[in-house]
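Descriptive analysis of the structure
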Amino acid sequence: MSRFWSDLAHTLQPYVPGEQPRIPGLVKLNTNESPLGPSPRALEAIRAEAAETLRLYPDPESTALRQTLAAYHGVAPEQVFVGNGSDEVLAHAFAALLKHDAPLLFPDITYSFYPVYCRLFGIAFETVPLDGAMRIRIEDYRRPAGAIILANPNAPTGVALSRAQIETLLEDHPDQPVVIDEAYVDFGAETAIPLVNTHPNLLVVQTLSKSRALAGLRVGYAIGDVGLIDALNRVKNSFNSYPLGRAAQAGAVASIKDETYFQAGRAAIIAGRARLNAGLAVLGFEILPSAANFVFARAPGRDGARLAAELRAQAVLVRRFSTPRIADFLRITVGTDAQTDRLLTALASILAETPAS
Ligand SMILES: *Cc1c(COP(=O)(O)O)cnc(C)c1O
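Residue numbers run consecutively from 1 along every chain, following the written order of its sequence. In keeping with the predicted nature of the model, local features appear solely for residues at pLDDT of at least 70, side-chain atom pairs appear and are counted solely at 80 or more, and the whole-chain, interface and lining totals rest on all residues. Water and hydrogen atoms were dropped before computing side-chain values, which therefore reflect all heavy atoms in the structure.

1. Details of the pairing of strand 4 (residues 125-128)
Applied cut-off: Two strands are counted as paired when DSSP detects at least two bridges linking them. Secondary structure follows DSSP: runs of H or I at least 4 residues long count as helices, runs of E at least 2 residues long count as strands, and numbering of each begins at the N terminus. For crossovers, right-handed means that the path from the first strand over the helix to the second runs clockwise, given strands pointing away from the viewer.
Two strands pair when backbone bridges link them, and strand 3 (residues 104-107) and strand 4 are joined in this way by four bridges, in the parallel orientation. Within the sheet, the bridge partner assigned to Pro107 lies in strand 4 and is Val128. Following the chain from strand 3 across helix 5 (residues 113-121) to the adjacent parallel strand 4, one finds a crossover that is right-handed.

Right, dumping it as structure tokens:
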């Protein structure tokens, strides 16, 4: 704290990302990174950008990348917005689309960046409780709203809504912007992108960080009606004209074009998730049905903080949130089979050593 801070700097409550420690032999299952690595074609394209041309600014419109994404998703390039990670895309969406007189609605348990953006941009919000099975109930959103944002699959639960349920939500709120954050959609949920042409209030946000194993490159994007995309561009061009460097644009294009690698990676993670679920079930965990590259689970009668700390002592890192309703849950990223085995072995020894309360 300092007398040089603005009032805004004083009021912020910044997002706390999962830790990135340097522990030898660490099994890192806490930030939903991919254990597989990016497409070799993406790496090749990124290396090719390490050239004399780096003295020049990149294309401020990321034209080639937007065209590639448009062709991939069957929309027009004007319906695509790209940013420095989907976190930046979301930030621009909060500023451009989600601030209205009535409160922004999102679930009580969801991506914890949403309330952080609300404070940054001065957006009033109201949280809507998940039901007893930790599901989003679309009916519960039938109340005064300035806008709505949902993660689908939701984070950190991994539970997904169907496209039909998203369509019902859109039909319930034709006059409010609705943002669907699909960071994990490729691991088993239905994307809402086919609805953008019939619903001018829908913005779908995706990322290359998770299913394309490019968290370090920082590329995310949004797809929606041209009217919504225009608003995002107005904010972007009032903030940073060049959010994506040359390497990021080229690597992202090559990644999207490598469909074979993408499908193989997706299938491997989905298979790894089934394996992780089976191992946790044997240990007596209660597991939410996940459509993401992580599972959210708790061991009945066990303190979540203690379990996470005991795992950490065995160099296995998982994510835990102190929010009361989910304090005993662990969010565990699907790793390689070897990493999953390390986790399951560590959990088995911890559970065997200390009796449940
Ligand atoms: C990981 C994640 C993001 C952000 O990912 P970027 O790396 O910034 O693209 C956005 N939303 C949710 C729900 C996430 O889990």
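On we go from here.
2. Comments concerning the site of the ligand
Heads up, the rule is: To be near a molecule or strand, a residue needs just one of its heavy atoms within 4 Å of it. Residues adjacent in sequence count toward polar contacts only when both atoms are side-chain atoms; beyond that, a polar contact is any pair of N or O atoms within 3.5 Å, and within protein one must be able to donate a hydrogen and the other to accept it. All accessibility values rest on the Shrake-Rupley procedure with a 1.4 Å probe; residue burial counts only the protein chains present in the view.
Not every one of the 13 residues close to the ligand is listed here, only the nearest: Ser86, Tyr184, Thr207, Ser209 and Lys210. For the ligand, an oxygen atom lies 2.6 Å from a polar atom in the side chain of Thr207. In this structure, Ser209 approaches the ligand through a side-chain N or O atom, which is 2.6 Å from an oxygen atom. Alone, the ligand offers 390 Å² of accessible surface; in the complex the protein occludes 93% of this. In terms of residue count, helix 4 (residues 85-97) provides more of the shell around the ligand than any other element does, four residues in total.

3. Digging into the domain arrangement of the chain
Selection criterion: Where each domain begins and ends is defined by an automated method or by a domain database. Buried area adds together the accessible area that both of two parts lose upon being put together, with accessible area traced by a 1.4 Å probe. Just to be clear on terms, a salt bridge is a Lys or Arg side-chain nitrogen sitting within 4 Å of an Asp or Glu carboxyl oxygen. Gly counts as polar in this scheme, as do all residues outside two lists: the nonpolar Ala, Val, Leu, Ile, Met, Phe, Trp, Tyr, Cys and Pro, and the charged Asp, Glu, Lys and Arg.
Taken as a whole, the chain is organised into domain 1 (2-37 + 260-353) and domain 2 (40-258). Between domain 1 and domain 2, the C-alpha centre-to-centre distance is 23 Å. Among the residues domain 1 hides against domain 2, the three largest losses belong to Tyr15, Phe262 and Arg325. Together they make up 28% of the total. At the junction of domain 1 with domain 2, the criterion picks out one salt bridge. The residue Arg325 makes a salt bridge to Asp108 at a minimum N-O spacing of 3.0 Å. There are 11 residue pairs in polar contact (both at pLDDT 80 or more) connecting domain 1 and domain 2. Elements represented by at least two residues in the side of domain 1 that touches domain 2 include exactly helix 9 (259-282) and strand 10 (294-298). Each residue belonging to the side of domain 1 that touches domain 2 can be placed in one class, and the counts come to 17 nonpolar, nine polar and four charged.

4. Digging into the sheet that holds strand 4
Basically, it comes down to this: In this analysis, axes come from line fits to C-alpha atoms, helices being fitted only over the stretch in contact, and the angle between any two N-to-C directions falls in the range 0 to 180 degrees. A contact between two residues is defined here by any heavy atoms of the two lying within 4.5 Å.
As summarised here, the arrangement of the seven strands in space is 2-8-7-6-5-3-4, forming an open sheet in which the pairing is mixed. Strands with a single pairing partner mark the edges of an open sheet, and in this sheet they are strand 2 (80-83) and strand 4. Between one strand axis and the next, the sheet turns through 20 degrees on average, direction left out of account. Each of strand 3, strand 4, strand 5 (147-151) and strand 6 (178-181) is contacted by helix 5, which is oriented at about 160 degrees to strand 3, the strand it contacts most. Packing against the sheet, helix 6 (residues 163-172) makes contact with strand 5, strand 6 and strand 7 (202-207), and its axis sits at approximately 160 degrees to strand 6.

5. Some remarks on the pattern of salt bridges
To be explicit about the condition: Summary of the burial criterion: residues with accessible area below 20% of their type's maximum are buried, those above 50% are exposed, and those between are partly exposed, where the area comes from a 1.4 Å probe applied to protein chains only.
Across all of its chains, the model carries 12 salt bridges by this definition. Between Arg275 and Asp337 there is a salt bridge, with the nearest N and O atoms lying 3.5 Å from each other. Linking Arg275 in helix 9 with Asp337 in helix 11 (residues 337-353), this pair joins segments that are 62 residues apart in sequence. The partly exposed category is assigned to Arg275, whose relative accessible area is 32%. Exposure remark for Asp337: the relative accessible area of 40% places this residue in the partly exposed category. The shortest N-O distance in the salt bridge between Arg306 and Glu310 comes to 3.4 Å. Of this pair, Arg306 and Glu310 both sit in helix 10 (residues 304-313), separated by four residues, roughly a single helical turn. The exposure class assigned to Arg306 is partly exposed, which follows from its relative accessible area of 47%. Residue Glu310 is classed as partly exposed on the basis of its relative accessible area, which comes to 22%.

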